[in-house]
Amino acid sequence: MKNIILFFSILVFGNSFAQDTSDIIDAYEDYTDLSREQIYVHLNKSTYITGEMLGFNAYVFLKDIKEPSTRTTNLYCQILDKNDKVITEKLLMMNQGFSRGDFMIDSTFASGEYKFKSYTNWSRNFPNEHNYFLENFRVINPEDKAEDKPANISKAIDIQVLPESGHLLSETLNVVGVIAKDQLGLGIPNLEINVLNAEGDLLTTTTLNTFGIGKFLLHPSEGEVYRLEYSYDNEKASYTLPTAKRMGVVLSVTETSTPNSIALALKTNAKSFELFGNRNYKLIIHNGSNASEATISFNGSKSSITTVDLKYLYPGVNIFTLFDDEDRPIAERLYFNFNGLPLQSISKAEQLPMRTDSLEIKLAIPSVDIQKLQNLSISVLPSETKSYDHHQNIISATYLQPYLKSAVEQASYYFTAIDDKKKYELDNLLLTQGWSSYDWTSIFNSAPEPVYNFEIGVNYTINTNNSKSKNLLIYPNINTKSELLTLDKTQQSLEKRGFFPLDDEKLRIGEIKSNGELGRSNVVLQFTPSSIKGFNTKYEPKSMLRANQYAAKDVSGFKFDAIEELDEVQLFAKKKYTRIEKLKNRSLGRITEFGEHERQFYKTFAQFISERGFIVEETPHEDPQTGEYSIFRIKTRLPVSINASSVPLIYLDNAILVDLDILNNFSMAVVDYVEVNKSGVGEGIRGGAGVIKIFTDPNKQFKLKPKVSFTAYDIPLTYSTPKRFYMPRYASYTSVFFKEYGVVGWIPSAKVDAQGKLIFKIPNHQTDVSLFIEGVVNTNQLVSDRITINQ
């Protein structure tokens, strides 16, 4: 059962309180019975130049409790073009509700807008709810010869009028919201609107805010026609308001002079009061997870008003829905309660003194319990950047956007430096949203079913048609240990769950023959999931472009031909890296390339590796059949713990070596390069003693290939591991281009220490930088800050 907060019991409408839950609450509980996951992704920028890396940090929350979800490990991330065609996609592994990843914005990206979409398999159960992440970003490709600008952008604007409760009621004072949008769906700022009656008399005037949103009061007469007049782009235009209803009820929410409280008003006109003034109504308040109910009436007056303490409302969006005596929804109003919102902020940011080409930054966040879940991501950009203009931050994506029918322009604005002005503007935004994203027809008739499960890893099924028993050896992978399995003669299949393959890993299975030898297996495997399933969603993200600004600044004043000529663009867009440089950029270890000099110096693998912190032992042993040979043993000098293995993980041409004897007198003459990762980072527990990867030269004959004692099966869908973030290099760090579009740093998956400090380094380019910080601490406290560090 959902937690029913009976806050209305303390209200005085002069009405009876509903002691038993109604059919409305029962239907609501059925509809919200399945837990939802909400997703937010922090992109390091909103505008990219081809050749840059898009870095991101992902957060998955349980919607009802607003805490990181530990129910799923599989997060699907896609980049789509303007036609919703998937350009590239990845499967990420979530850990305690967090993950990080990257996409390379290479030369195949044409200039224009793209969508970043992220969802879980469980998300697919709720296609009509905005719980997934979807945000636009922009790409500038210097190689494009054609200017990237929206074609045939009309100067016409769209005026929408949304009366409080969803309708105008005659002979009653109405609060009327108004929003003006351009053809990209972005608000027309500072538009002045006049409200006139049929005779042309000016009744009132309102000026819309930066996002084209405002409101006015109107007391419409029955049958009267009203219109709005405005001037845009030196042209006058008008809009006729919908005719006010003769009969009906208005539900109104307003701030009061009493701190931390709001006024709820139930209003009607004289004709309506005569007809149904004595009827009872039901008022439901919910937040998408919990709900409460009261029975209310006018109690002998055309207007019934009461004051509600905000402590009895849910933190975030509260949805007030009024139902008539036949349980039909007739009015709705949304209100955002900032009280109790679990927010945390950076209390101090300072630059630590250093004598190198790096800066050390220390952030302080008070009262962080490191035993609770936390994860932060920090984008570091020049303070004059034009490349960070996201519509969402972690607060708006969690507490606002999922409850609204359409995407909000610059939703993050309302949760940055929160003050009374922004609270007022957010209430005006909610006034212009009309009904919430929760459709009562669906609530009453279409409770979602759990068709798609929470995914924990990749599952695979081993199938065999053999009538005999099989003994199989599952070889280890980075995230899994080796395992012996037996399929008896009556068992045709066996399912394995919770497999976590990375990148180009394969699943290697050997079969133990009747003579005890290990050989290839001939089983058939089926994997689930085997591909990234599409997720059709109905919401469209807000554009990153403004029609009136785009042509003026980004095309006319910022020619792509001119960009092409800039040295800094050519440096990172066209720089040619050697093969080894590319390997080093992707590697977590140290790369040694073997040329003639190295091959002369190191004749055998034992000679090479013994100089890199490993102990090598070769013990002579007499084999009666093959003669004398040596047993090869290797161990690290510094095991990570007393009980940990001291034997490093060794790959030969991407195959894990189970029998290390092949490395006895292994000639380095056939080696192309060796990667030594002493820390074992990225290889799980098995890499605790270090990881060594040997790659042979494909142009040299190699006769010592190990005996194949397994069958390697391709895995159709694996987890993508995050790459080391690629930092572009610029010819000038004082140019306008760098200041507006450059990158200084990206710090994903950061954590605060026991003293509440977060310390990290960034390159010192002798320029002011801004830190864009998003994340969560103390399991449910959200952090969203912008901090400028002056040089």
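Just above sits the structure.
Because the structure is a prediction, the values reported are computed rather than measured.

Our focus in this paragraph is the overall build of the chain. Of regular secondary structure, the chain possesses twelve helices and 46 strands. With 791 residues in all, the chain has 54% of them scored as buried. A fraction of 71% describes how many contacts in the chain between residues 6 or more apart in sequence connect residues 24 or more apart. Summed over its atoms, the accessible surface of the chain is roughly 36,300 Å², and 47% of this surface lies on carbon and sulfur atoms.

Per the counting criterion, the structure on display carries four cavities of 30 Å³ or more. Reported here for the largest cavity is a volume of approximately 130 Å³. Residue lining of the largest cavity: 17 residues in total, with His 130, Tyr 132, Leu 134, Gln 392 and Gln 401 positioned closest to the centre. Counting only elements with at least two residues in the lining of the largest cavity, the list comes to β1 (37-43) and β9 (133-140). Per-element tally for the lining of the largest cavity: the top contributor is β9, with three residues. By volume, the second largest cavity is sized at about 60 Å³. Lining the second largest cavity, in full, are Pro 163, Glu 164, Ser 165, Gly 166, Glu 332, Arg 333, Leu 334, Leu 430, Leu 431 and Gly 434. Of all the secondary-structure elements, those providing two or more residues to the lining of the second largest cavity are β23 (329-337) and α4 (420-431). Considering each element in turn, the lining of the second largest cavity owes the most residues, three residues, to β23.

With that settled, consider helix α1 (residues 23-31). Residues of α1 that are buried include every one of Ile 24, Ile 25, Ala 27, Tyr 28, Glu 29 and Tyr 31, and no others. Elements that come into contact with the buried residues of α1 comprise β19 (281-286), β20 (291-296), β22 (316-323) and α5 (440-445). The backbone nitrogen of Ile 24 has a side-chain oxygen 3.2 Å away, supplied by the residue at the start of α1, namely Ser 22.

Counting residues in each nonpolar core, the largest one holds 94 residues, and the members touching the most others are Leu 54, Phe 116, Phe 137, Phe 336 and Leu 400. Counting residues per element, this core draws most heavily on strand β3 (residues 53-62), at six residues. Beyond its immediate chain neighbours, meaning those up to four positions away, Leu 54 contacts Leu 43, Asn 44, Tyr 48, Ile 79, Gly 101, Asp 102, Phe 103, Ile 105, Phe 116 and Phe 137.

With respect to burial, strand β40 (residues 671-677) is a largely interior element, seven of its seven residues being buried. Here four bridges tie strand β35 (residues 590-593) to β40, and the two strands are oriented antiparallel to one another. Residue pairing in the sheet places Arg 590 in a bridge with Val 676 of β40. Of the strand pairs in this sheet, β40 and strand β41 (residues 691-696) are connected by six bridges, and their pairing is antiparallel. In the strand pairing of β41, Val 676 is matched with Ile 692.

Along strand β34 (residues 524-528), the buried face is formed by Leu 525 and Phe 527; none of Val 524, Gln 526 and Thr 528, which line the opposite face, is buried. Inspection of the sheet shows strand β28 (residues 458-463) paired to β34 by five bridges, in the antiparallel sense. For Tyr 460, the partnering residue across the bridge sits in β34 and is Phe 527.

Let us now look at the packing of aromatic side chains. Applying the stated criterion to the full structure yields 44 aromatic pairs. Taken together, the ring pairs in this structure connect Tyr 40, Phe 56, Tyr 59, Phe 98, Phe 103, Phe 116 and Phe 133 into an aromatic cluster. Positioned above the aromatic ring of Tyr 403, the side-chain terminus of Lys 63 is 4.9 Å from the ring centre. Residue placement shows Lys 66 over the ring face of Tyr 399; its charged tip is 5.2 Å from the ring centre.

Position of Ser 377 among the secondary structure elements: in strand β27 (residues 375-382). In this structure the side chain of Ser 377 is engaged in a polar contact, spanning 2.9 Å, whose partner is the side chain of Tyr 59. Excluding residues that lie within four positions of it along the chain, Ser 377 makes contacts with His 42, Asn 57, Tyr 59, Trp 746, Ile 747, Pro 748, Phe 772, Ile 773 and Glu 774.

A separate point is a negative patch on the surface. There is a patch of like negative charges on the surface, built from Asp 23, Asp 26, Asp 30 and Asp 33. Note on placement: Asp 26 falls in helix α1.

Now for the pattern of salt bridges. All told, the structure shown has 23 salt bridges when counted by the stated rule. Where Glu 52 meets Lys 45, a salt bridge forms, and the shortest distance between an N and an O atom there is 3.0 Å. Like Lys 45, Glu 52 is buried. A single salt-bridge network, built from bridges that share partners, covers Asp 84, Lys 115 and Glu 540.

Next up on the list: the side chain of Gln 374. Position of Gln 374 among the secondary structure elements: in the loop between β26 (358-364) and β27. In this structure the side chain of Gln 374 is engaged in a polar contact, spanning 2.7 Å, whose partner is the backbone nitrogen of Val 752. Residues contacting Gln 374, with those up to four places away along its chain left out, are Phe 98, Val 368, Lys 751, Val 752, Val 776 and Val 777.

Taking strand neighbours across the sheet as the criterion, the three strands line up as β10-β11-β14 in an open arrangement whose pairing is antiparallel. The sheet is open, and its two edges are formed by β10 (158-163) and β14 (213-218), each paired on a single side. Pairs of neighbouring strands in the sheet enclose a mean axial angle of 25°, with direction left out of account. Two elements, strand β11 (residues 174-181) and β14, share six bridges in a ladder whose sense is antiparallel. Each residue of the ladder has a partner; that of Val 176, found in β14, is Phe 216. Set on the sheet, α4 makes contact with β10, β11 and β14; between it and β14 the angle comes to about 75°.

Thresholds applied
- Residues numbered from 1 in each chain as written.
- Predicted model: local features only at pLDDT ≥ 70, side-chain atom pairs only at ≥ 80, totals over all residues.
- Heavy atoms only, no water.
- Helix = DSSP H or I, 4+ residues; strand = E, 2+ residues; numbered from the N terminus.
- Buried < 20%, exposed > 50% of the residue type's maximum accessible area, 1.4 Å probe, protein only.
- Contact = heavy atoms within 4.5 Å.
- Areas by Shrake-Rupley, 256 points an atom, 1.4 Å probe, with all protein chains shown as cover.
- 1 Å grid on protein atoms, 1.4 Å probe; cavity = no way out; pocket = protein on both sides within 12 Å on 5 of 7 lines; lining within 4 Å.
- Points joined across faces, edges and corners; volume = space filled by probe spheres on them.
- Polar contact = N/O pair within 3.5 Å; in protein donor to acceptor, adjacent residues only side chain to side chain.
- Core = buried A, V, L, I, M, F, W, Y, C linked by side-chain atoms within 4.5 Å.
- Pairing = 2+ DSSP bridges.
- Phe/Tyr/Trp six-rings, centres within 6.5 Å; stacked < 30°, edge-to-face > 60°.
- Lys NZ or Arg CZ within 6 Å of the ring centre and 35° of its normal.
- Patch = residues over 30% accessible without salt bridge, like charges linked within 9 Å, V, L, I, M, F, W, Y side chains within 5 Å.
- Salt bridge = Lys/Arg side-chain N within 4 Å of Asp/Glu carboxyl O.
- Lys, Arg positive; Asp, Glu negative; His and termini not counted.
- Charge placed at Lys NZ, Arg CZ, Asp CG, Glu CD.
- Axes fitted to C-alpha atoms, helices over the stretch in contact; angles between N-to-C directions.

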